[in-house]
Amino acid sequence: MQDIKELTLKGLEEKLQAFGVQAYHAQQIFTWIYKKATIDFGQMSDLPKGLRDKLKDNFYISDLKIVKRLKSSDGTQKLLFQSQDTNLIEAVIIPAKDRVTACVSTQVGCKWACSFCASGLKGFKRNLSCSEILDEILYLKKEALPLALTHLVFMGTGEPLDNYTQVLPAIKIINSPLGFNIGARRITLSTSGIIPGIQKLAGEGLQVELSVSLHAADEALRSRFMPVNKKYPLKDLIKACKEYSFKTNRQITFEYILIKGVNSSLSNAQSLSRLLEGWKLAKVNLIPSNTISGLKVEPPGKKDILLFKNYLVQQGIKVTLRKARGEDINAACGQLRLNYAQQ
Ligand code: SAH
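Just so it is clear, the structure is predicted and the values come from calculations on it, not from any experiment. (Residues numbered from 1 in each chain as written. Predicted model: local features only at pLDDT ≥ 70, side-chain atom pairs only at ≥ 80, totals over all residues. Heavy atoms only, no water.)

Some points on the overall build of the chain
For the chain, the helix and strand inventory stands at 12 helices and 14 strands. In summary, the chain has a C-alpha radius of gyration of 21 Å against a globular reference of 20 Å for 343 residues, a match within 12%. Along the first, second and third principal axes, the C-alpha set of the chain runs to 70 × 45 × 35 Å. Counting every position in the chain, which comprises 343 residues, the buried fraction comes to 55%. The contacts in the chain between residues at least 6 apart in sequence include a share of 66% that link residues at least 24 apart. (Helix = DSSP H or I, 4+ residues; strand = E, 2+ residues; numbered from the N terminus. Rg over C-alpha atoms; globule rule 2.2 N^0.38 Å. Buried < 20%, exposed > 50% of the residue type's maximum accessible area, 1.4 Å probe, protein only. Contact = heavy atoms within 4.5 Å.)

Overview of the pattern of salt bridges
One pass over the structure, following the stated rule, counts 13 salt bridges. Note that Asp85 and Arg126 form a salt bridge whose closest N and O atoms lie 2.8 Å from each other. Of this pair, Asp85 sits in the loop between β4 (77-82) and β5 (88-95) while Arg126 sits in strand β8 (residues 124-127), placing them 41 residues apart in sequence. You can call Asp85 partly exposed: its relative accessible area is 40%. (Salt bridge = Lys/Arg side-chain N within 4 Å of Asp/Glu carboxyl O.)

Observations regarding the side chain of His25
Tracing the sequence through the fold places His25 in helix α2 (residues 25-35). Given a relative accessible area of 6%, His25 falls into the buried group. There is a polar contact of 2.6 Å between the side chain of His25 and the side chain of Gln28. Apart from residues lying up to four places away in sequence, His25 is in contact with Leu16, Leu47, Pro48 and Leu51. (Polar contact = N/O pair within 3.5 Å; in protein donor to acceptor, adjacent residues only side chain to side chain.)

Observations concerning the domain arrangement of the chain
Domain parsing of the chain yields domain 1 (2-60) and domain 2 (65-341). A separation of 33 Å is found between the C-alpha centroids of domain 1 and domain 2. Contacts between the two partners involve 13 residues from domain 1 and, on the opposite side, 17 residues from domain 2. Across the interface of domain 1 and domain 2, roughly 1200 Å² is buried in total on both sides, 63% from carbon and sulfur atoms. Contact with domain 2 buries surface across domain 1, with Lys5, Tyr34 and Lys35 losing the most and accounting together for 47% of the total. For the pair domain 1 and domain 2, the number of links is five residue pairs in polar contact (both at pLDDT 80 or more). The dominant element in the side of domain 1 that touches domain 2, judged by the number of residues it contributes, is α2, at six residues. (Domains from an automatic or database assignment. Buried area = accessible area lost by both parts, 1.4 Å probe.)

Considerations on the environment of Leu121
Relative to the assigned elements, Leu121 resides in the loop between β7 (107-109) and β8. Along the backbone, Leu121 and Lys111 are 10 residues apart, and their C-alpha atoms lie at a distance of 9.0 Å.

Quick word on the site of the ligand
With respect to spatial proximity, 18 residues lie near the ligand, and among them Gly158, Ser190, Ser213, His215 and Asn290 are the closest. A distance of 3.0 Å separates a nitrogen atom of the ligand from a polar atom in the side chain of Glu159. One of the side-chain N or O atoms of Ser190 is found 2.6 Å from an oxygen atom in the ligand. A total of 540 Å² of accessible area belongs to the ligand in isolation, and the protein chains cover 93% of it. (Near = heavy atom within 4 Å. Areas by Shrake-Rupley, 256 points an atom, 1.4 Å probe, with all protein chains shown as cover.)

Written as C-alpha coordinates, this is what we have:
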(Lines give C-alpha, C1' and ligand atoms only; values in the text may rest on other atoms or scores of the structure.)
Protein backbone atom coordinates (compact mmCIF):
# COMPACT_ATOMS: atom_id res chain seq x y z
CA MET A 1 0.00 0.00 0.00
CA GLN A 2 1.33 3.41 -0.94
CA ASP A 3 0.21 6.82 0.23
CA ILE A 4 -1.22 8.43 -2.89
CA LYS A 5 -0.05 11.87 -1.78
CA GLU A 6 3.52 10.78 -2.35
CA LEU A 7 2.91 10.93 -6.10
CA THR A 8 3.28 14.04 -8.23
CA LEU A 9 0.69 14.44 -11.00
CA LYS A 10 3.13 12.93 -13.46
CA GLY A 11 3.89 10.06 -11.09
CA LEU A 12 0.19 9.31 -10.67
CA GLU A 13 -0.40 9.42 -14.42
CA GLU A 14 2.35 6.86 -14.89
CA LYS A 15 0.84 4.60 -12.21
CA LEU A 16 -2.57 4.78 -13.85
CA GLN A 17 -1.09 3.94 -17.23
CA ALA A 18 0.64 0.95 -15.67
CA PHE A 19 -2.82 -0.16 -14.44
CA GLY A 20 -4.06 0.17 -18.02
CA VAL A 21 -6.20 3.17 -17.06
CA GLN A 22 -6.41 6.53 -18.88
CA ALA A 23 -3.89 9.02 -17.49
CA TYR A 24 -6.36 11.94 -17.37
CA HIS A 25 -8.07 10.39 -14.34
CA ALA A 26 -5.02 11.55 -12.38
CA GLN A 27 -6.29 15.12 -12.77
CA GLN A 28 -9.66 14.17 -11.33
CA ILE A 29 -8.00 12.40 -8.42
CA PHE A 30 -5.79 15.44 -7.73
CA THR A 31 -8.86 17.67 -7.70
CA TRP A 32 -10.59 15.39 -5.20
CA ILE A 33 -7.59 15.26 -2.90
CA TYR A 34 -6.21 18.80 -3.04
CA LYS A 35 -9.20 20.95 -3.97
CA LYS A 36 -11.96 19.05 -2.18
CA ALA A 37 -9.88 17.54 0.64
CA THR A 38 -11.44 14.10 0.11
CA ILE A 39 -9.94 11.24 2.10
CA ASP A 40 -12.06 8.40 0.71
CA PHE A 41 -11.65 6.97 -2.81
CA GLY A 42 -15.31 5.86 -2.62
CA GLN A 43 -16.41 9.51 -2.76
CA MET A 44 -14.63 10.24 -6.03
CA SER A 45 -17.90 10.01 -7.91
CA ASP A 46 -16.64 10.94 -11.37
CA LEU A 47 -14.21 8.00 -11.47
CA PRO A 48 -15.29 4.64 -12.90
CA LYS A 49 -16.19 2.19 -10.11
CA GLY A 50 -13.43 -0.22 -11.27
CA LEU A 51 -10.82 2.49 -10.88
CA ARG A 52 -12.04 3.46 -7.41
CA ASP A 53 -11.66 -0.18 -6.35
CA LYS A 54 -8.22 -0.38 -7.90
CA LEU A 55 -7.16 2.76 -6.06
CA LYS A 56 -8.47 1.33 -2.77
CA ASP A 57 -6.49 -1.86 -3.33
CA ASN A 58 -3.24 -0.06 -4.08
CA PHE A 59 -3.25 3.22 -2.19
CA TYR A 60 -4.41 4.92 0.96
CA ILE A 61 -5.00 8.61 1.61
CA SER A 62 -3.06 9.76 4.65
CA ASP A 63 -4.56 12.11 7.19
CA LEU A 64 -3.39 14.05 10.22
CA LYS A 65 -5.35 14.64 13.41
CA ILE A 66 -5.68 18.20 14.71
CA VAL A 67 -4.98 18.17 18.45
CA LYS A 68 -4.88 21.89 19.14
CA ARG A 69 -5.87 25.18 17.50
CA LEU A 70 -4.67 28.56 18.69
CA LYS A 71 -5.71 31.95 17.36
CA SER A 72 -3.70 35.09 18.03
CA SER A 73 -5.28 38.48 18.50
CA ASP A 74 -3.48 39.55 15.30
CA GLY A 75 -5.22 36.83 13.26
CA THR A 76 -2.31 34.37 13.18
CA GLN A 77 -3.56 30.82 13.66
CA LYS A 78 -1.51 27.87 14.76
CA LEU A 79 -2.47 24.24 14.31
CA LEU A 80 -0.89 21.36 16.15
CA PHE A 81 -1.29 17.96 14.48
CA GLN A 82 -0.67 14.45 15.60
CA SER A 83 0.70 12.02 13.03
CA GLN A 84 -0.35 8.39 12.78
CA ASP A 85 2.72 7.44 14.86
CA THR A 86 1.70 10.05 17.50
CA ASN A 87 4.33 12.64 16.73
CA LEU A 88 3.44 16.32 17.01
CA ILE A 89 3.66 18.60 13.98
CA GLU A 90 2.91 22.30 13.87
CA ALA A 91 1.86 24.71 11.16
CA VAL A 92 0.75 28.34 11.07
CA ILE A 93 -1.50 30.62 8.99
CA ILE A 94 -0.35 34.23 8.88
CA PRO A 95 -2.89 36.59 7.31
CA ALA A 96 -1.63 40.04 6.29
CA LYS A 97 -3.02 42.94 4.28
CA ASP A 98 -2.24 41.59 0.85
CA ARG A 99 -1.53 37.90 1.46
CA VAL A 100 -2.24 34.79 3.51
CA THR A 101 0.88 32.77 4.26
CA ALA A 102 0.98 29.13 5.30
CA CYS A 103 4.05 28.17 7.33
CA VAL A 104 4.73 24.44 7.42
CA SER A 105 7.08 22.03 9.17
CA THR A 106 9.23 19.52 7.33
CA GLN A 107 10.53 17.39 10.22
CA VAL A 108 9.56 16.28 13.71
CA GLY A 109 12.12 18.19 15.77
CA CYS A 110 15.37 19.38 14.28
CA LYS A 111 18.88 18.04 14.59
CA TRP A 112 20.74 21.36 14.27
CA ALA A 113 19.82 22.77 17.66
CA CYS A 114 20.36 26.50 17.02
CA SER A 115 20.61 28.02 20.49
CA PHE A 116 17.82 30.59 19.94
CA CYS A 117 15.29 28.17 18.44
CA ALA A 118 12.84 25.96 20.29
CA SER A 119 12.58 23.41 17.47
CA GLY A 120 15.79 21.60 18.27
CA LEU A 121 15.37 21.55 22.05
CA LYS A 122 14.08 18.01 22.08
CA GLY A 123 16.35 16.79 19.34
CA PHE A 124 15.44 15.25 16.03
CA LYS A 125 12.78 12.55 15.67
CA ARG A 126 12.19 11.96 11.98
CA ASN A 127 11.52 13.45 8.57
CA LEU A 128 7.95 14.22 7.59
CA SER A 129 6.72 12.42 4.51
CA CYS A 130 5.66 14.40 1.47
CA SER A 131 2.05 13.55 2.25
CA GLU A 132 2.29 14.76 5.84
CA ILE A 133 3.63 18.09 4.56
CA LEU A 134 0.73 18.29 2.11
CA ASP A 135 -1.72 17.35 4.86
CA GLU A 136 -0.56 20.32 6.91
CA ILE A 137 -1.46 22.54 3.97
CA LEU A 138 -4.80 20.85 3.38
CA TYR A 139 -5.81 21.64 6.94
CA LEU A 140 -4.38 25.15 6.90
CA LYS A 141 -6.35 25.78 3.72
CA LYS A 142 -9.58 24.59 5.36
CA GLU A 143 -8.89 26.54 8.52
CA ALA A 144 -8.08 29.77 6.65
CA LEU A 145 -11.46 29.87 4.89
CA PRO A 146 -12.99 32.16 3.70
CA LEU A 147 -9.47 33.44 3.05
CA ALA A 148 -7.41 31.60 0.45
CA LEU A 149 -3.75 30.74 0.99
CA THR A 150 -1.59 32.85 -1.32
CA HIS A 151 1.94 32.12 -0.06
CA LEU A 152 3.74 29.21 1.48
CA VAL A 153 6.93 29.16 3.55
CA PHE A 154 8.93 26.16 4.75
CA MET A 155 9.72 27.91 8.01
CA GLY A 156 8.12 25.66 10.57
CA THR A 157 10.01 23.02 12.50
CA GLY A 158 12.87 21.24 10.80
CA GLU A 159 15.43 21.70 8.09
CA PRO A 160 13.79 21.30 4.66
CA LEU A 161 17.05 20.65 2.83
CA ASP A 162 17.77 17.71 5.14
CA ASN A 163 14.51 16.21 3.88
CA TYR A 164 15.04 16.96 0.22
CA THR A 165 13.43 13.84 -1.24
CA GLN A 166 10.08 14.57 0.46
CA VAL A 167 10.15 18.36 0.19
CA LEU A 168 10.82 18.45 -3.56
CA PRO A 169 7.68 16.53 -4.65
CA ALA A 170 5.71 18.53 -2.05
CA ILE A 171 6.85 21.76 -3.74
CA LYS A 172 5.75 20.40 -7.10
CA ILE A 173 2.28 19.55 -5.80
CA ILE A 174 1.93 22.86 -3.92
CA ASN A 175 2.81 24.62 -7.17
CA SER A 176 0.68 22.46 -9.49
CA PRO A 177 -2.53 24.14 -10.74
CA LEU A 178 -4.32 20.91 -9.86
CA GLY A 179 -2.68 20.80 -6.45
CA PHE A 180 -2.60 23.92 -4.27
CA ASN A 181 -1.85 26.19 -7.22
CA ILE A 182 0.52 28.46 -5.30
CA GLY A 183 2.94 30.16 -7.72
CA ALA A 184 6.58 29.12 -7.38
CA ARG A 185 7.62 32.68 -6.55
CA ARG A 186 5.22 32.60 -3.64
CA ILE A 187 6.85 29.51 -2.17
CA THR A 188 9.85 30.13 0.10
CA LEU A 189 12.24 27.48 1.24
CA SER A 190 14.26 28.47 4.28
CA THR A 191 17.50 26.73 5.21
CA SER A 192 19.99 27.05 8.02
CA GLY A 193 22.68 26.63 5.36
CA ILE A 194 22.86 23.04 4.11
CA ILE A 195 25.31 23.53 1.26
CA PRO A 196 24.73 20.31 -0.74
CA GLY A 197 20.98 21.01 -0.67
CA ILE A 198 21.47 24.58 -1.93
CA GLN A 199 23.65 23.24 -4.75
CA LYS A 200 21.07 20.62 -5.68
CA LEU A 201 18.22 23.13 -5.58
CA ALA A 202 20.12 25.42 -7.95
CA GLY A 203 19.90 22.72 -10.59
CA GLU A 204 16.14 22.04 -10.32
CA GLY A 205 15.06 24.95 -12.47
CA LEU A 206 12.43 25.95 -9.90
CA GLN A 207 11.40 29.56 -9.42
CA VAL A 208 10.94 29.19 -5.66
CA GLU A 209 12.38 31.76 -3.26
CA LEU A 210 15.38 30.79 -1.16
CA SER A 211 15.90 32.15 2.35
CA VAL A 212 19.05 31.45 4.30
CA SER A 213 18.96 31.75 8.08
CA LEU A 214 22.22 33.63 8.53
CA HIS A 215 21.91 35.28 11.96
CA ALA A 216 25.63 36.04 12.20
CA ALA A 217 28.16 37.38 9.75
CA ASP A 218 31.33 36.05 11.27
CA GLU A 219 32.48 32.49 11.53
CA ALA A 220 33.12 32.26 15.30
CA LEU A 221 29.87 33.90 16.35
CA ARG A 222 27.80 31.83 13.95
CA SER A 223 29.40 28.59 15.13
CA ARG A 224 28.69 29.60 18.71
CA PHE A 225 24.94 29.60 18.31
CA MET A 226 24.35 27.69 15.07
CA PRO A 227 26.09 24.29 15.22
CA VAL A 228 25.32 23.86 11.51
CA ASN A 229 28.14 26.36 10.90
CA LYS A 230 30.70 23.83 12.11
CA LYS A 231 29.70 21.47 9.35
CA TYR A 232 28.98 24.10 6.68
CA PRO A 233 31.12 27.17 7.51
CA LEU A 234 29.96 30.65 6.58
CA LYS A 235 32.74 31.11 4.03
CA ASP A 236 31.61 28.05 2.05
CA LEU A 237 27.94 28.90 2.58
CA ILE A 238 28.34 32.36 1.08
CA LYS A 239 30.25 30.87 -1.84
CA ALA A 240 27.44 28.34 -2.45
CA CYS A 241 24.82 31.10 -2.21
CA LYS A 242 26.70 33.26 -4.71
CA GLU A 243 26.88 30.31 -7.08
CA TYR A 244 23.15 29.74 -6.55
CA SER A 245 22.23 33.31 -7.39
CA PHE A 246 24.63 33.33 -10.35
CA LYS A 247 23.19 30.11 -11.74
CA THR A 248 19.50 30.91 -11.13
CA ASN A 249 19.66 34.71 -11.32
CA ARG A 250 17.37 34.70 -8.29
CA GLN A 251 17.57 36.83 -5.18
CA ILE A 252 18.45 35.21 -1.87
CA THR A 253 16.98 36.54 1.35
CA PHE A 254 19.27 36.31 4.36
CA GLU A 255 17.22 36.03 7.51
CA TYR A 256 18.88 37.72 10.46
CA ILE A 257 17.30 37.37 13.89
CA LEU A 258 18.29 40.24 16.15
CA ILE A 259 19.11 38.91 19.61
CA LYS A 260 19.96 41.31 22.42
CA GLY A 261 23.60 41.20 23.46
CA VAL A 262 24.49 38.51 20.91
CA ASN A 263 24.44 39.68 17.29
CA SER A 264 22.74 43.07 17.19
CA SER A 265 25.50 45.64 17.80
CA LEU A 266 26.72 48.15 15.26
CA SER A 267 29.89 46.13 14.75
CA ASN A 268 27.72 43.09 13.92
CA ALA A 269 25.93 45.24 11.33
CA GLN A 270 29.32 46.22 9.91
CA SER A 271 30.34 42.56 9.55
CA LEU A 272 27.04 41.80 7.83
CA SER A 273 27.40 44.67 5.43
CA ARG A 274 30.97 43.62 4.57
CA LEU A 275 29.81 40.07 3.94
CA LEU A 276 27.13 41.10 1.44
CA GLU A 277 28.84 44.14 -0.04
CA GLY A 278 28.21 44.65 -3.75
CA TRP A 279 26.02 41.58 -4.08
CA LYS A 280 22.92 42.77 -5.92
CA LEU A 281 20.96 39.55 -5.51
CA ALA A 282 21.23 39.50 -1.72
CA LYS A 283 18.59 40.93 0.60
CA VAL A 284 18.48 40.99 4.40
CA ASN A 285 15.33 40.37 6.40
CA LEU A 286 15.79 41.48 10.00
CA ILE A 287 13.65 39.72 12.58
CA PRO A 288 13.60 40.91 16.19
CA SER A 289 13.87 37.58 18.01
CA ASN A 290 10.91 36.10 19.80
CA THR A 291 11.44 35.55 23.47
CA ILE A 292 11.45 31.84 24.22
CA SER A 293 11.07 30.63 27.76
CA GLY A 294 13.93 28.35 28.73
CA LEU A 295 16.28 29.97 26.22
CA LYS A 296 18.08 33.21 27.01
CA VAL A 297 16.81 34.92 23.91
CA GLU A 298 15.25 38.35 23.74
CA PRO A 299 15.06 41.11 21.17
CA PRO A 300 17.10 44.31 21.43
CA GLY A 301 15.29 47.58 22.07
CA LYS A 302 13.65 49.55 19.25
CA LYS A 303 16.51 52.03 19.10
CA ASP A 304 19.16 49.34 18.58
CA ILE A 305 17.03 47.60 15.97
CA LEU A 306 16.73 50.82 13.96
CA LEU A 307 20.46 51.60 14.33
CA PHE A 308 21.24 48.16 12.92
CA LYS A 309 18.78 48.53 10.08
CA ASN A 310 19.77 52.07 9.17
CA TYR A 311 23.44 51.17 9.04
CA LEU A 312 22.69 48.48 6.44
CA VAL A 313 20.49 50.88 4.46
CA GLN A 314 23.31 53.46 4.44
CA GLN A 315 25.66 50.83 3.06
CA GLY A 316 23.29 50.19 0.17
CA ILE A 317 22.10 46.78 1.40
CA LYS A 318 18.51 45.83 0.62
CA VAL A 319 16.86 45.32 3.97
CA THR A 320 13.39 44.72 5.41
CA LEU A 321 12.30 44.51 9.03
CA ARG A 322 9.83 41.74 9.78
CA LYS A 323 7.05 42.43 12.20
CA ALA A 324 6.57 39.79 14.88
CA ARG A 325 3.33 37.87 14.45
CA GLY A 326 1.42 35.55 16.71
CA GLU A 327 3.52 36.28 19.78
CA ASP A 328 0.63 35.70 22.17
CA ILE A 329 0.21 32.13 20.89
CA ASN A 330 3.91 31.22 20.83
CA ALA A 331 4.02 31.19 17.06
CA ALA A 332 7.82 31.21 16.99
CA CYS A 333 9.34 28.15 15.53
CA GLY A 334 8.79 24.98 17.60
CA GLN A 335 7.14 26.58 20.59
CA LEU A 336 3.66 25.15 20.48
CA ARG A 337 4.84 21.62 19.98
CA LEU A 338 7.21 22.05 22.85
CA ASN A 339 4.65 23.52 25.25
CA TYR A 340 2.12 20.86 24.36
CA ALA A 341 4.61 18.05 24.83
CA GLN A 342 5.51 19.41 28.27
CA GLN A 343 1.93 19.45 29.56
N1 SAH B 1 15.75 25.11 9.46
C2 SAH B 1 15.34 26.09 8.51
C3 SAH B 1 13.84 26.22 8.44
C4 SAH B 1 13.19 26.70 9.71
S5 SAH B 1 12.81 28.35 9.46
C6 SAH B 1 16.01 27.41 8.81
O7 SAH B 1 16.71 27.50 9.81
O8 SAH B 1 15.90 28.33 8.01
C9 SAH B 1 12.47 28.88 11.02
C10 SAH B 1 12.84 30.32 11.13
O11 SAH B 1 12.47 30.74 12.44
C12 SAH B 1 14.32 30.50 10.93
O13 SAH B 1 14.65 31.63 10.17
C14 SAH B 1 14.73 30.63 12.37
O15 SAH B 1 15.95 31.23 12.43
C16 SAH B 1 13.55 31.40 12.97
N17 SAH B 1 13.54 31.37 14.44
C18 SAH B 1 13.93 30.40 15.26
N19 SAH B 1 13.90 30.79 16.54
C20 SAH B 1 13.48 32.06 16.54
C21 SAH B 1 13.27 33.04 17.55
N22 SAH B 1 13.51 32.80 18.83
N23 SAH B 1 12.82 34.26 17.16
C24 SAH B 1 12.60 34.54 15.85
N25 SAH B 1 12.79 33.66 14.85
C26 SAH B 1 13.23 32.44 15.20
